[in-house]
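# Overview (structure and organization)
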Amino acid sequence: MNTNLCDRFSVGHYPMLLWGPPPKFASGKWDPKQEKSEIQSIDDARTADHLLNWINKRIGSSFSLGDEKYENENTLLRNDSDPEQIARAIYDVEEATAGAFDIILEHKMIKSDTRAPLIKFFQLLVTHHPSKRCRRGSAEILINFDNLWPSDLFSVDSQETNILQERDRLKSYLICGKEVPRGYWVWFSAWLQVDPNPAKLIWGCASVLCEKPFLKSKNNNHQEKRKRTIFWIFCRGSKNDTRGFSCGLWVLLHSLSVRVTDGESHLAFTAICDFIHNFFICEECRRHFNDMCSSVSVPFKTTRDLSLWLWSTHNKVNERLMKEERALKTGDPRFPKVIWPPEKLCPSCHLSSISNNRTGTSQVDWNEDEVFKFLVQYYGKTLVSSYKDASLSRNRSDELVADDITTSTNAVAVPLGAAMAIAFASCAFGALACFWRTQQKNRKYSHQLHSLKNI
Ligand SMILES: Cc1cc2nc3c(=O)[nH]c(=O)nc-3n(C[C@H](O)[C@H](O)[C@H](O)COP(=O)(O)OP(=O)(O)OC[C@H]3O[C@@H](n4cnc5c(N)ncnc54)[C@H](O)[C@@H]3O)c2cc1C
């Protein structure tokens, strides 16, 4: 069938392998007698080893057959022991915040019993989220929380209409501003395999190159799906289905833990525990995390208590997953779980460590004062060191609004909505919770008063 093509490239036997620049194959030809051709015949390809040797010699490389190929090889952050790399994670923290909010809406997770934990977590975000635009976005949602999710939303009669209205109403509330999420849409296509088993679906194409019209005209038997792909930076896995959201969520939680004040530490602890318990869709994670939260019997008194608790809790998860991922090969091969921070990242955190070669784990004797210092620097200043909030500085009036939100405390002279925004953003998280409770009580009393009047 392809005799012309074979003639063009002097294919006299099979298999025959030629090596050359792609354009030369598209339009050129090859003749073994021709001198100075850019196309060459690969004369030793009897086994995979031989072929790879041939290629290694040709391009001066040293690949071996054991080398693995990673989907995101070119976009991974390297050098895990560089503390400055966490600065890139601020964008992932924003993505994770927006992602969490999206999941809550998508799965209709705001119910009468989950309303309070969500408000508490929002209060924490408003005051201590490391990204300014997420603080502003959460403040807006919090101010409008009662309008967005009125208490009567949860009555059976009004439930359906309200859920339908909910999406529209929420479109204008972007928790971290218009820039987030920054992903792009990818069209996935699946078609029925030409296979006697009609139930078997093969996912055909997962690339922006799989354009819709092309697939449509080619095969009518396919189904299409659209999926948003997020640009993870610090949390980018070497495979498309590893790391990402849960990594971003951990970084968010650590960054909150080092930002709260001593007096807020226990409130922040319960806000985090309740948030994970009610809104993290990984059942196993929720259960384990809840057990670890429940084991805390003495209230936290300091930021140090909270930060170190979260750090050691995360290490317990790492330790468990280390074994699990090794046994089941479910982890990311480029980012194996470690007891963190490794010595290279924080030498002063390690007093001594004993490695267990059989299990691949190590028992570390920590200098907790140094660990706390490291956490504060790493998830505090370094995390936000390269952060640029484009949306807030686009024009002067935006800048003024932003400045208002972060600096003004003059709640008396401004309208209630703005006063709440300022209060939410500038007062401490503990005071905020108290302020919120007062608001709720006032609302309850006025409601009761109203009912009494009606009687
Ligand atoms: C609350 C919570 C509970 C989870 N529970 C489970 C579970 O039970 N089972 C499960 O399969 N998955 C669980 N996950 C997901 C899992 O922990 C990882 O997030 C996921 O496997 C991705 O791992 P990763 O390599 O990106 O690193 P992650 O563990 O996500 O860590 C993200 C980054 O945090 C830093 N870090 C690592 N350890 C620490 C530490 N001790 N202190 C401070 N910073 C640290 C590192 O820079 C790391 O790259 C949970 C996630 C969360 C947020």
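Structure's up top.
Rules and cut-offs
Residues numbered from 1 in each chain as written. Predicted model: local features only at pLDDT ≥ 70, side-chain atom pairs only at ≥ 80, totals over all residues. Heavy atoms only, no water. Helix = DSSP H or I, 4+ residues; strand = E, 2+ residues; numbered from the N terminus. Buried < 20%, exposed > 50% of the residue type's maximum accessible area, 1.4 Å probe, protein only. Contact = heavy atoms within 4.5 Å. Areas by Shrake-Rupley, 256 points an atom, 1.4 Å probe, with all protein chains shown as cover. Axes fitted to C-alpha atoms, helices over the stretch in contact; angles between N-to-C directions. Parallel < 35°, antiparallel > 145°, perpendicular 65-115°, else oblique. Left-handed = near helix turned anticlockwise from the far one by under 90°. Nonpolar A, V, L, I, M, F, W, Y, C, P; charged D, E, K, R; others polar. Phe/Tyr/Trp six-rings, centres within 6.5 Å; stacked < 30°, edge-to-face > 60°. Lys NZ or Arg CZ within 6 Å of the ring centre and 35° of its normal. Near = heavy atom within 4 Å. Polar contact = N/O pair within 3.5 Å; in protein donor to acceptor, adjacent residues only side chain to side chain. Core = buried A, V, L, I, M, F, W, Y, C linked by side-chain atoms within 4.5 Å.

A tally of helices and strands in the protein yields 17 helices and seven strands. Looking at the protein as a whole, 39% of its 455 residues qualify as buried. Long-range contacts, defined as pairs at least 24 residues apart, comprise 64% of the intrachain contacts of the protein with a sequence gap of at least 6. With an accessible surface of roughly 27100 Å², the protein has 54% of that area assigned to carbon and sulfur atoms.

Taken N-terminus to C-terminus, the directions of helix 5 (residues 115-128) and helix 10 (residues 245-259) make an angle of 70°; their axes are 10 Å apart at the nearest point. Put simply, helix 5 runs roughly perpendicular to helix 10. Crossing of helix 5 over helix 10 shows left-handed handedness. On helix 10, the residues touching Phe121, Leu124, Leu125 and His128 of helix 5 are Leu252, Leu253, Leu256 and Arg259. Its residues placed into classes, the contact of helix 5 with helix 10 shows six nonpolar, one polar and one charged.

Omega for the peptide link from Tyr14 to Pro15 comes to -15°, which places this bond in the cis form. Following the sequence through the fold, Pro15 ends up in the loop between helix 1 (3-8) and strand 1 (18-19). Omega for the peptide link from Val180 to Pro181 comes to 0°, which places this bond in the cis form. If you trace the backbone, Pro181 turns up in the loop between helix 8 (156-170) and strand 3 (184-192). Even without being glycine, Lys36 reaches a positive phi, approximately 55°. The residue Lys36 is located in the loop between helix 2 (22-27) and strand 2 (40-41) in this model.

For any two aromatic rings, the description comes down to two numbers: the centre-to-centre distance and the angle of the planes. According to the stated counting rule, one finds 20 aromatic pairs in the structure shown. The interplanar angle of 10° and the centroid separation of 3.8 Å between the aromatic rings of Phe121 and Phe275 together place this pair among those described as stacked. Placement of Phe121 in helix 5 and of Phe275 in helix 11 (residues 265-279) is noted, with a sequence separation of 154 residues between them. For the pair formed by Phe121 and Phe275, the shared burial category is buried. Site record: aromatic cluster; members linked through ring pairs are Trp250, Phe269, Phe289, Phe300 and Trp309. Across from the ring centre of Phe335, 4.1 Å away, lies the NZ or CZ of Arg243, which sits over that ring.

Time to look at the site of the ligand. Neighbouring the ligand are 26 residues; Arg243, Ser246, Trp311, His314 and Tyr379 lie closest to it. Measuring from a nitrogen atom of the ligand, one finds a side-chain N or O atom of Glu284 at 3.2 Å. At a separation of 2.9 Å, a nitrogen atom of the ligand approaches a polar backbone atom of Trp311. Contributions of two or more residues to the shell around the ligand are made by helix 10, helix 12 (283-294), helix 13 (303-328) and helix 14 (368-381).

Now for the nonpolar core. Ranked by size, the top nonpolar core spans 81 residues in total, and within it Phe121, Phe122, Ile141, Phe234, Phe275, Phe289 and Trp309 carry the most contacts. Apart from the residues within four sequence positions on either side, Phe234 is in contact with Leu77, Gln85, Ile86, Arg88, Ala89, Asp92, Arg243, Cys247, Val251 and Tyr378.

A word on the environment of Asp102. Mapping Asp102 onto the fold places it in helix 4 (residues 89-106). It is 29 Å that separates the C-alpha atoms of Asp102 and Val376, two residues lying 274 residues apart in sequence.

Geometric descriptors of this kind do not, in isolation, establish any biological role.
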